[in-house]
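Per-entry structural report
Okay, here's what each chain looks like letter by letter:
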Amino acid sequence: MLHGAEILTTEEMRAIESAAMASGQVTGLELMERAGRAVAGQIRLRWPKPGRATVLCGPGNNGGDGYVVARYLHQAGWRVRLLGLDNTPGPDAARMKAEWLALGPILPLTRDALRAGPDADVYVDAIFGTGLTRPPQGEIAAILAYLGGSGGDWACFRERLVAVDCPSGLCLDSGAFPGRPRKPGSHDPRARLTVAFDSPKPGHLLERGPECCGELVIADIGLAAWRVRNRNADGTLSRGIRYPAVEAIWPDFAIPDSRRNPARARSEASSLRKEQAGGGHKFSHGHALIVAGGRPAAGGGRLSARAALRIGRGAGDACAAIRRPAGPCRPARCADASRRGRCRRAAGHAGRPAGQRALHRSRLRGRARGGAAARDPGRRARHGSGCRCADRLVPRSRPDGAVAQGLRADAPCGRVRARLSRSGRAP
Ligand SMILES: NC(=O)C1=CN([C@@H]2O[C@H](COP(=O)(O)OP(=O)(O)OC[C@H]3O[C@@H](n4cnc5c(N)ncnc54)[C@H](OP(=O)(O)O)[C@@H]3O)[C@@H](O)[C@H]2O)[C@H](O)CC1
Ligand SMILES: [K+]
């Protein structure tokens, strides 16, 4: 299982792609070929007998991947119907489009054309990937809604829809469908299988992502050397890009990750794993309440929040500034938390009404969702009203588990993580 895979934002993914291409060791065309071949391979694994496929190709490189999928399926004996746009994409996608045109026609990417064709065994959604810049409109929105069941039978496509990188319209940084209601039930495409490239993105795991992506497979397209900065044989650093790693522990992915030591990942994650449930919610990971010091002592709070996020605690991670009356603590700005938009802030002096209300809300959330609590991670918060407040607050917020306390601002994340995982119900 892919426990411990790094999650990359779309911007990081683009930077890694650019670094790889700038190195001269791989071209965009090769990456696209590998991406499309990986998707076709995953389709053939699940539908070994060649059948009918309808491939929907959008205006950019996601569409380019779609042309490659169509070509590989065609070569494997599938009857492929391809719907695409009459546009001139970037050079790589244009080349793939030309290669497809030597094999078959491109029908217009409209709902009518989609409905006019025979039923397919597999529908490949290669309309938009990481390059989505605005909510889909017009015909493309109509096609996506149709795939999502606006024609009346929403289950019709779900079992047969394979998404390239993501179901089109999904924002891979947030897991939301821009311009669409957040709640399930709207006609958003839900795939049986999503094949994404190199690393999972936040949108695969947050909000609507898990529900709409279906089974998630991460295909290795040979970018690892540029993702992780390694040491060369002579001890110098390689030219890869090193980002602070945010690791996915949940959900389980479908393929083994050869980049990591699976035995170690399994033992690390065994107490933390939770099955991916259809319609699951980020709060089902649990809740961590972190009572931190004010501005000068908020470092421990940030570390604790980060550790809680890494082990998969929920979105309601809360911090309360308990020393400075109006001093906002800023755990929400720690890189992991703000990037994933999952750290909620409860700021205010614990002895004042605003602070007490914030703590009360956090306590309720913690009680409702089951969570761990880290008390006074900042040393300054150990004394005075802050500590008394934490004593009152924490045991009640965490009736069914121990409290991790006395965490120091300089405690390594691993230690915080170990304490939280020991104290908390497995997320
Ligand atoms: N990760 C990898 O290493 C690889 C990924 N690949 C695939 O490439 C896509 C990303 O390709 P990109 O071209 O950047 O993005 P898209 O294909 O998703 O779409 C970009 C085009 O779509 C237009 N766009 C965006 N939103 C809309 C909209 N709502 N309506 C209409 N058109 C839209 C956008 O136009 P702009 O006007 O906004 O510029 C672009 O024309 C990635 O997902 C992978 O599938 C590669 O194959 C290589 C390896
Ligand atoms: K797609």
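The name an unreviewed UniProt entry assigns to the protein chain is NAD(P)H-hydrate epimerase, from the organism Paracoccus thiocyanatus. As stated in UniProt under Function (unreviewed entry), the record for the protein chain gives "Catalyzes the epimerization of the S- and R-forms of NAD(P)HX, a damaged form of NAD(P)H that is a result of enzymatic or heat-dependent hydration. This is a prerequisite for the S-specific NAD(P)H-hydrate dehydratase to allow the repair of both epimers of NAD(P)HX." The annotation that UniProt attaches to the protein chain under Sequence similarities (unreviewed entry) is "Belongs to the NnrE/AIBP family."

1. Structural notes on the coordination of the potassium ion (ligand 2)
Here the potassium ion (ligand 2) is held by Asn62 (OD1), Asp125 (O), Phe128 (O), Val164 (O), Cys166 (O) and Ser168 (OG), and the distances to it run 2.6 to 3.2 Å. Because the angles between the six donor atoms bound to the potassium ion (ligand 2) fall within 68 to 172°, the donor set is best described as irregular. All donors to the potassium ion (ligand 2) come from one chain, and their sequence spacing reads N-x62-D-x2-F-x35-V-x1-C-x1-S. You can see asparagine 62 sitting in helix 3 (residues 61–75) and its partner aspartate 125 sitting in strand 5 (residues 122–126), a full 63 residues away along the chain. Exposure remark for aspartate 125: the relative accessible area of 0% places this residue in the buried category.

2. Quick word on the nonpolar core
One finds Val39, Ile43, Leu73, Trp78, Phe197 and Leu223 to be the most contacted residues of the largest nonpolar core, which totals 41 residues. Aside from chain neighbours lying at most four places away, what touches tryptophan 78 is Ile43, Arg44, Trp47, Lys49, Pro50, Gly51, Arg52, Ala53, Leu73, Asp121 and Val122. In terms of nonpolar packing, the next biggest core, distinct from the first, is built from 19 residues, Leu56, Leu109, Phe128 and Leu144 among them.

3. Some details on the site of ligand 1
Around ligand 1, 22 residues are found, and the nearest of them are Asp65, Gly129, Thr133, Arg134 and Asp165. Note that an oxygen atom of ligand 1 is positioned 2.9 Å from one of the backbone N or O atoms of threonine 130. One nitrogen or oxygen atom from the side chain of threonine 133 is found 2.7 Å from an oxygen atom belonging to ligand 1. For ligand 1, the protein covers 78% of the area, taking 940 Å² as the surface of the free molecule. Taken together, the elements giving at least two residues each to the shell around ligand 1 come down to helix 1 (10–22), helix 2 (28–46) and helix 3. The greatest single-element share of the shell around ligand 1, amounting to three residues, is contributed by helix 3.

Criteria and thresholds
- Residues numbered from 1 in each chain as written.
- Chains lettered and ligands numbered in written order.
- Predicted model: local features only at pLDDT ≥ 70, side-chain atom pairs only at ≥ 80, totals over all residues.
- Heavy atoms only, no water.
- UniProt positions renumbered as here; feature names shortened; annotations may be inferred.
- Donors = N, O, S within 2.8 Å, 3.2 Å for Na, K, Ca; no water.
- Tetrahedral: all angles 85-135°; square planar, octahedral: opposite > 155°, others 65-115°.
- Helix = DSSP H or I, 4+ residues; strand = E, 2+ residues; numbered from the N terminus.
- Buried < 20%, exposed > 50% of the residue type's maximum accessible area, 1.4 Å probe, protein only.
- Core = buried A, V, L, I, M, F, W, Y, C linked by side-chain atoms within 4.5 Å.
- Contact = heavy atoms within 4.5 Å.
- Near = heavy atom within 4 Å.
- Polar contact = N/O pair within 3.5 Å; in protein donor to acceptor, adjacent residues only side chain to side chain.
- Areas by Shrake-Rupley, 256 points an atom, 1.4 Å probe, with all protein chains shown as cover.

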